[in-house]
Amino acid sequence: KEITNSIKDYSRNSNDGTLYSGKALDFDGTGDIVELNDANLTGEFTVCTWIKPDTFTNCVVFGDTGNEDWIRLESATSITVKINSSSTGYAPITHGGNIALNEWSRLIVTRGSDNVIRFGINGVLYSPTTDTRAGIFDFNLLGSKQSTQITGALADVQVYDKAWNATDVKYDWENPDKDVFDR
């Protein structure tokens, strides 16, 4: 079932949009690239999507053409987050949730003012580590980084310049047809 909802941009950019649920982008791992304007997320942020990975090999969700900023699933329980072309400090983080192959999961990656990365998986917020990822998260691709592409599907991609908390993650899971900040 397709659901549409108006989305208010609460940043100074005034980029209001429309949320479409019920449609997905299907990636076969060879040449499927969605190009975006540079995200330039400098402080707190939240990026989220529904994801249905066919494999964890090359499972890039958000990336860039310069291979400097990306989020990639490594396994059902591990995600790598690389920010600001860091050559160190982007080892995979075990998140505590479970993202199954060939099934839809809601994936949320959020960074607070403390620069700690937290993960929302299917309505639960995990804070698995105190590892920080500082700097500008400047992705411009969905499902790809440089020449590496995901095999699977993405839907309902959202980007915010605020960090979500456990209440936001739960609300998003329980109300997929609504915007978290409309409650």
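Residues numbered from 1 in each chain as written. Predicted model: local features only at pLDDT ≥ 70, side-chain atom pairs only at ≥ 80, totals over all residues. Heavy atoms only, no water.

### Examining the overall build of the protein chain
Within the protein chain one finds one helix and 16 strands. For the protein chain, with 183 residues in total, the buried portion stands at 45%. At a minimum sequence separation of 6, the contacts of the protein chain that also span at least 24 residues come to 62%. Total accessible area computed for the protein chain in this model is approximately 8800 Å², and 42% of it derives from carbon and sulfur atoms. (Helix = DSSP H or I, 4+ residues; strand = E, 2+ residues; numbered from the N terminus. Buried < 20%, exposed > 50% of the residue type's maximum accessible area, 1.4 Å probe, protein only. Contact = heavy atoms within 4.5 Å. Areas by Shrake-Rupley, 256 points an atom, 1.4 Å probe, with all protein chains shown as cover.)

### Here's the deal with the packing of aromatic side chains
Tallied over the full model, the rule gives five aromatic pairs. Their ring planes at 25° and their centres at 5.2 Å tell us that F45 and F137 sit as a pair that is stacked. Here F137 lies in the loop between β12 (124–126) and β13 (141–142) and F45 lies in strand β5 (residues 45–53), a separation of 92 residues in the sequence. Across this residue pair, the class does not change: F45 and F137 are buried. Seen from their ring centres, F137 and F139 are 5.1 Å apart, and the 45° between their planes marks the pair as tilted. (Phe/Tyr/Trp six-rings, centres within 6.5 Å; stacked < 30°, edge-to-face > 60°.)

### Things to note about helix α1 (residues 166–174)
Turning to α1, its buried residues are D168, V169, Y171 and D172. Seen along its axis, α1 keeps its buried residues to an arc of 165°; they face one direction. Regarding α1, its N-cap is N165, as a side-chain oxygen of that residue lies 3.0 Å from the backbone nitrogen of T167 further along. (Arc of directions from axis to C-beta. Polar contact = N/O pair within 3.5 Å; in protein donor to acceptor, adjacent residues only side chain to side chain.)

### Overview of the sheet that holds β12
In space, the six strands of this open sheet follow the order β3-β16-β5-β10-β11-β12, with antiparallel pairing throughout. Bordering the open sheet on either side are β3 (25–28) and β12, each of which pairs with just one other strand. Neighbour to neighbour, the strand axes of the sheet diverge by 25° on average, direction disregarded. Examined bridge by bridge, β5 and strand β16 (residues 151–160) share seven bridges and lie antiparallel to one another. (Pairing = 2+ DSSP bridges. Axes fitted to C-alpha atoms, helices over the stretch in contact; angles between N-to-C directions.)

### What about unusual backbone geometry?
Of note in the backbone geometry, N58 takes a positive phi value of approximately 55° without being a glycine. Mapped onto the elements, N58 comes out in the loop between β5 and β6 (59–63). Although it is not a glycine, N122 adopts a positive phi angle of roughly 50°. By the element assignment, N122 lies in the loop between β11 (117–121) and β12.

### Side note on the sheet that holds strand β8 (residues 78–82)
On the basis of which strands lie adjacent, the open sheet formed by six strands has the order β4-β13-β6-β7-β8-β9 and antiparallel pairing. Single-partner strands in this sheet number two, and they are β4 (34–35) and β9 (93–94). One ladder, built from two bridges, connects β6 with β13; its direction is antiparallel. Of the residues in β13, the one forming a bridge with F62 is L142.

### Looking at the nonpolar core
Core analysis: the largest hydrophobic core is formed by 27 residues, its most contacted members being V47, I51, L73, L107 and F137. When contributions to this core are tallied by element, the ones reaching two or more residues are β5, β6, β7 (70–75), β8, β10 (105–111) and β11. Residues contacting F137, with those up to four places away along its chain left out, are A39, N40, L41, F45, V47, F62, D69, W70, I71, K82 and I83. Membership of the second largest hydrophobic core comes to seven residues, among which are C48, W164, V169 and V180. (Core = buried A, V, L, I, M, F, W, Y, C linked by side-chain atoms within 4.5 Å.)

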